[in-house]
Amino acid sequence: MRAVQGIKAWEPVARRARGASISAMAVMALTACAKPAPSGQVLVDVDGTDITRRDLVVELQSPEGRGVAPAALIERLIDRRLLAAAARNDGLDQSPDYLGQVRRQRELLLAQIYIDRIAQTVPPPTAAAVATYIARHPQAFAERRLIDALRLTTAPTPVAQRLLRAAPNIAPAAAALARAGQVAKLEPVTFDSAAVPPATFAALAGSARPVFTDATDRIEAIMPLRVRPAPLTGAAATDEARRALTTAAVTARIAERLQTARARARIRRQSGRTLEAIKEKTA
C-alpha cells in the first residue's frame, strides 16, 4: 500500500517533467524552423555542415568546375556532401581503400603546394638569358617546323608485322589489316620540332615511307605527309623562352631539395619479389 501511495505521490512530478520535456522539444523545433538562412561566408547549410565561399572558389578553380555556373556547382557540392554523409553512415570512411586514397590525395596536394611555393622563390630569367636560350634552340624558334602525319596503331601480331613492313604507305596498310581481321587505329598527328628530339624529327621529315617507333606492347607506324615552317619570333618567342627557363630552374631546385631530403631520410625497402606480386595482383 505504501508503495502504491509512493508511486501516486510521484505522478504529478512525472507529469510536470513530461510536460517540460515536450515544451522543450517544441521550443527546439520552433528554433530550428526559425533558424536564419546562411549568410556571410556560409552559402549553404546541409544538415548542419557548411558549404562556404571558399568551398565554391576551390570548386570553380578545379578542372571539373571551369566554365560551370556557380549555381550548378553549388548543387553539385550539395549532392557530394549528401553522398559523403551516406558513405560515412555506412562506415566507408574507415575502409582501407578510402584511407589509402585520402593519404594519396593529401600527399599530392601538399607536394604541389610545396612545388608552387618553390616556384615563387625562383627569380625571373634575365633578358640576356632569354636571348641566349632562343639562339641556342633554333628548332624551337626561328627554325621551328611542324610535321603533319598519320599514325597507325595495332596489336603486335605476326600478320600485322608482315603487312605493315610490306606496305609502302599507311592507308593501304590499314586497309590490308582490316581485310585480315586486325583491329587498327588510324589518326592524324602533328610533330613539333620544338618538342621532338632533333634526330627523331629529322628522321621523320626525311622519310617517304612509314617510320616505326620503339613501342613494345603495340605496333606504331608514322607516315609523314608534309613538313611546314612554323617560326616562333618576337614577343611569343620571348614568352616561351621565359617559361622554359623558369620551368628548368624550378625543376632543378626541386631536384636539389629532393636530393637533400633523400640523403637525410631513412628509407628501407622490401624485396623486389614483393613488388612484383603486388603488380600482378593489381593488373
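Reading guide: rules and limits
- Residues numbered from 1 in each chain as written.
- Predicted model: local features only at pLDDT ≥ 70, side-chain atom pairs only at ≥ 80, totals over all residues.
- Heavy atoms only, no water.
- Helix = DSSP H or I, 4+ residues; strand = E, 2+ residues; numbered from the N terminus.
- Contact = heavy atoms within 4.5 Å.
- Pairing = 2+ DSSP bridges.
- Axes fitted to C-alpha atoms, helices over the stretch in contact; angles between N-to-C directions.
- Parallel < 35°, antiparallel > 145°, perpendicular 65-115°, else oblique.
- Nonpolar A, V, L, I, M, F, W, Y, C, P; charged D, E, K, R; others polar.
- Left-handed = near helix turned anticlockwise from the far one by under 90°.

A. Seen up close, the overall build of the protein chain. Looking only at helices and strands, the protein chain features ten helices and six strands. In the protein chain, once contacts between residues fewer than 6 apart in sequence are set aside, the share between residues at least 24 apart is 63%.

B. Region of interest: the pairing of strand 2 (residues 49-52). Strand direction decides the pairing type here: strand 1 (residues 42-46) and strand 2, joined by four bridges, are antiparallel. Among the inter-strand pairings, D45 is bridged to a residue of strand 2, identified as D50. Once strand 1 ends, the chain turns through two residues before running back antiparallel as strand 2, passing D47 with a positive phi of about 50°.

C. Structural context of the packing of helix 2 (residues 53-61) against helix 3 (residues 70-89). Axis separation between helix 2 and helix 3 bottoms out at 10 Å; the angle between their running directions is 105°. Between helix 2 and helix 3, the interaxial angle falls into the category roughly perpendicular. On helix 3, the residues touching D55, L56, E59 and L60 of helix 2 are P70, L73, I74, R76, L77, R80 and R81. Tallied by class, the residues present in the contact of helix 2 with helix 3 amount to six nonpolar, no polar and five charged.

D. Region of interest: the packing of helix 4 (residues 96-121) against helix 9 (residues 234-264). Where helix 4 contacts helix 9, the axes come no closer than 9 Å and their chain directions differ by 120°. Considering their axes alone, helix 4 and helix 9 lie oblique with respect to each other. Read as a crossing pair, helix 4 and helix 9 show a hand that is right-handed. Where helix 4 abuts helix 9, its residues Y114, I115, I118, A119 and T121 lie against V250, R253, I254 and R257. Considering only residue class, the contact of helix 4 with helix 9 consists of six nonpolar, one polar and two charged.

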